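So the chains spell out like this:
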Amino acid sequence: MLNKLLLITTLSVGAFAMHLGELNINERDLEIGAKFDLGQFNDTIEPNTMFLGAKFLNADQVNSDSNATIEPYSEVNFLIMNKIGDNGMKLGLGVKFNYTEDFSSLPLGIEFAYTIPAKELIPMTLNGSVYYAPQSLSFSEGKDFLEYRVSYDVEIIKNAAVTIGFRKINTTYKADKSSMINYNTSWFAGFKVSF
């Protein structure tokens, strides 16, 4: 199943004008993501400002505090991001729909990206995001959702970067699962490829 998903993702990269493809791994977890720049397909949208994406995380129970089996996490996301001045800072607002077998929510969030002013050396970017869904935006068995992540990207070659980051995903369930469950807390490393 996982091999088929990787093959479909790889073929999709070649078939579409994708803005960003991402692969993050650690000893136990695999995360695959893609973001499409909607400005490439529509003349009324400014390029590099509006994105539609998807993400899949096959998390391991070792990086969770849950006693139950951890089900794979999937999401579809939408982000609007713009530059703030000329200092290399970008700020964005986003929404996503996430899903596991017994949890789903519609968190709202904020993202930032700061390009470190050292372009003559190696382009580097610091990224971060926080997404939260209260009970009113949580469905199925979900009560609320909180995710935050930071990453540091180094563009080794043009349009290809190595990334190192940290993510924390917390889910709170209704009924007898009233306490917050750490779905995944882990460091990761990977690649980001722009098209």
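All values derive from a computational prediction rather than experimental measurement.

We now examine the overall build of the protein. From N to C terminus, the protein includes 1 helix and 12 strands. Ordering the α and β elements of the protein from the N terminus gives α-β-β-β-β-β-β-β-β-β-β-β-β. Residues counted as buried form 40% of the 195 residues belonging to the protein. Long-range pairs, those at least 24 residues apart, make up 48% of the contacts in the protein between residues at least 6 apart in sequence. For the protein, the exposed area adds up to about 11,000 Å²; of that, 64% sits on carbon and sulfur atoms.

This part is about the pairing of strand E7 (residues 108–116). Bridging between strand E5 (residues 89–100) and E7 involves 7 bridges; their strand directions are antiparallel. Within the sheet, the bridge partner assigned to Leu93 lies in E7 and is Ile110. Direction of pairing for E7 relative to strand E8 (residues 124–133): antiparallel, over a ladder of 9 bridges. The partner of Thr115 across the bridge, within E8, is Thr125.

Take empty space enclosed by the protein next. Tallied over the entire structure, the rule returns 1 cavity of 30 Å³ or more. If you add up the space inside the largest cavity, you get close to 40 Å³. For the largest cavity, the full set of lining residues is Tyr73, Asn98, Tyr99, Thr100, Phe103, Phe145, Thr171 and Tyr183.

Here we take up the packing of aromatic side chains. The geometry of an aromatic ring pair is captured by the separation of the ring centres together with the interplanar angle, meaning the angle of the planes. Applying the stated criterion to the full structure yields 5 aromatic pairs. With 6.0 Å between their ring centres and 45° between their planes, Tyr73 and Tyr183 make a pair best called tilted. Taken together, the residues Tyr73 in strand E4 (residues 73–84) and Tyr183 in strand E12 (residues 180–194) connect sequence positions 110 residues apart. Taken as a pair, Tyr73 and Tyr183 share a single burial class, namely buried. Ring centres of Phe166 and Trp187 lie 5.1 Å apart, and the angle between their planes is 55°; this geometry places the pair in the tilted category. Remark: Trp187 occurs in strand E12 and Phe166 occurs in strand E11 (residues 160–173); sequence separation between them is 21 residues. Owing to a relative accessible area of 59%, Trp187 belongs among the exposed residues under this scheme.

Turning our attention to the pattern of salt bridges. Applying the stated criterion across every chain yields a total of 8 salt bridges. Residue Asp153 is joined to Lys192 by a salt bridge in which the shortest nitrogen-to-oxygen separation is 3.0 Å. Pair noted here: Asp153 is in strand E10 (residues 142–157) and Lys192 is in strand E12, with a separation of 39 residues, a long-range link. On the basis of relative accessibility, which here comes to 9%, the residue Asp153 falls in the buried class. When its relative accessible area of 12% is taken as the criterion, Lys192 is described as buried. Connected through shared salt-bridge partners, Asp29, Glu31, Glu75, Lys96, Glu147, Arg149 and Arg167 make up one network.

Residue position: Asn159 is located in the loop between E10 and E11. Contacts of Asn159, omitting those with residues within four sequence positions, involve Lys192, Val193 and Ser194.

Moving on, we get to the confidence of the model for the protein. Summary statistics for the protein give a mean pLDDT of 86 and a share of 87% for residues scoring 70 or more. Ranking the elements of the protein by mean pLDDT puts helix H1 (residues 2–15) last with 45 and E8 first with 97. Note on residues 1–11: pLDDT is under 50 here. Beyond four places in sequence and across chains, it has 6 contacts. Low pLDDT, under 50, characterises residues 13–17; the predicted model gives this stretch 6 contacts beyond four residues in sequence or across chains.

Reading the values: the criteria
- Residues numbered from 1 in each chain as written.
- Predicted model: local features only at pLDDT ≥ 70, side-chain atom pairs only at ≥ 80, totals over all residues.
- Heavy atoms only, no water.
- Helix = DSSP H or I, 4+ residues; strand = E, 2+ residues; numbered from the N terminus.
- Buried < 20%, exposed > 50% of the residue type's maximum accessible area, 1.4 Å probe, protein only.
- Contact = heavy atoms within 4.5 Å.
- Areas by Shrake-Rupley, 256 points an atom, 1.4 Å probe, with all protein chains shown as cover.
- Pairing = 2+ DSSP bridges.
- 1 Å grid on protein atoms, 1.4 Å probe; cavity = no way out; pocket = protein on both sides within 12 Å on 5 of 7 lines; lining within 4 Å.
- Points joined across faces, edges and corners; volume = space filled by probe spheres on them.
- Phe/Tyr/Trp six-rings, centres within 6.5 Å; stacked < 30°, edge-to-face > 60°.
- Salt bridge = Lys/Arg side-chain N within 4 Å of Asp/Glu carboxyl O.
- pLDDT = per-residue confidence, 0-100.

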